[in-house]
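# Coordinate inspection notes
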Amino acid sequence: MALEYIVGPVLALLLGMKFTDLKCKQKDAKITELEEKLSLVETETPKKLMATLMPVAKAVQKLNQQVGL
């Protein structure tokens with residue numbers, strides 16, 4: 001009977017530690033994935049922004065030349 005009082009809490013502790021370790025590893029993997037996505041967005045956004053704004057800037061410049069500004 002005394003053995004059950006010792007084994008039960010020890011098993012619960014070990015299972016809890018294993019579950020916590022598993023969840024930490026899953027969260028670390030998710031954080032790494034999100035960091036990679038963020039890095040990609042940080043490098044691609046300025047390129048796409050420039051590709052979008054350059055034609056507009058050139059058109060405005062051309063209009064300014066035609067108007068005489």
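Everything in this summary refers to the structure shown in the same document.

Conventions used here
- Residues numbered from 1 in each chain as written.
- Predicted model: local features only at pLDDT ≥ 70, side-chain atom pairs only at ≥ 80, totals over all residues.
- Heavy atoms only, no water.
- Helix = DSSP H or I, 4+ residues; strand = E, 2+ residues; numbered from the N terminus.
- Rg over C-alpha atoms; globule rule 2.2 N^0.38 Å.
- Buried < 20%, exposed > 50% of the residue type's maximum accessible area, 1.4 Å probe, protein only.
- Areas by Shrake-Rupley, 256 points an atom, 1.4 Å probe, with all protein chains shown as cover.
- Lys, Arg positive; Asp, Glu negative; His and termini not counted.
- Charge placed at Lys NZ, Arg CZ, Asp CG, Glu CD.
- Patch = residues over 30% accessible without salt bridge, like charges linked within 9 Å, V, L, I, M, F, W, Y side chains within 5 Å.
- Salt bridge = Lys/Arg side-chain N within 4 Å of Asp/Glu carboxyl O.
- Expected span 1.5 Å × (residues − 1).
- Bend = angle between axes of the 7 residues up to and from the residue.

Moving on, we get to the overall build of the protein. Along the protein, the regular secondary structure elements total one helix and zero strands. Scaling as 2.2 N^0.38, a compact globule of 69 residues should have a C-alpha radius of gyration of about 11 Å, whereas the protein reaches 30 Å, well beyond that. The principal-axis extents of the C-alpha atoms in the protein amount to approximately 100 × 15 × 10 Å. A total of 69 residues make up the protein; the buried ones form 0% of that total. If you sum the accessible surface of the protein, you get close to 6,600 Å²; carbon and sulfur atoms cover 70% of it. Averaging the coordinates of the 10 positive side-chain charges in the protein and doing the same for the 8 negative ones gives two points 12 Å apart.

Our next topic: a nonpolar patch on the surface. Together, L3, Y5, I6, V7, V10, L11, L13, L14 and M17 make up an exposed nonpolar region whose accessible area comes to about 940 Å². As for its position among the elements, V7 is in helix α1 (residues 2-67).

Evaluation of the coordinates by the stated rule reveals two salt bridges. Residues D21 and K25 are paired through a salt bridge, measuring 3.4 Å at the closest nitrogen-oxygen approach. Of this pair, D21 and K25 are both found in helix α1, four residues apart, which corresponds to roughly one turn of the helix. The exposure class assigned to D21 is partly exposed, which follows from its relative accessible area of 34%. The partner of E33 in a salt bridge is K37, and the shortest N-O contact between them spans 3.5 Å.

The terminal C-alpha atoms of α1 lie 96 Å apart, and with 66 residues this matches the ideal 98 Å at 1.5 Å per residue to within 8%. In α1, a bend of some 30° at L53 exceeds every other bend along the element, and P55, a proline, comes one to four places later. Positive backbone phi, at 100°, marks G68, one or two positions downstream of α1.

Without other data, these values stay purely geometric and don't point to any function.
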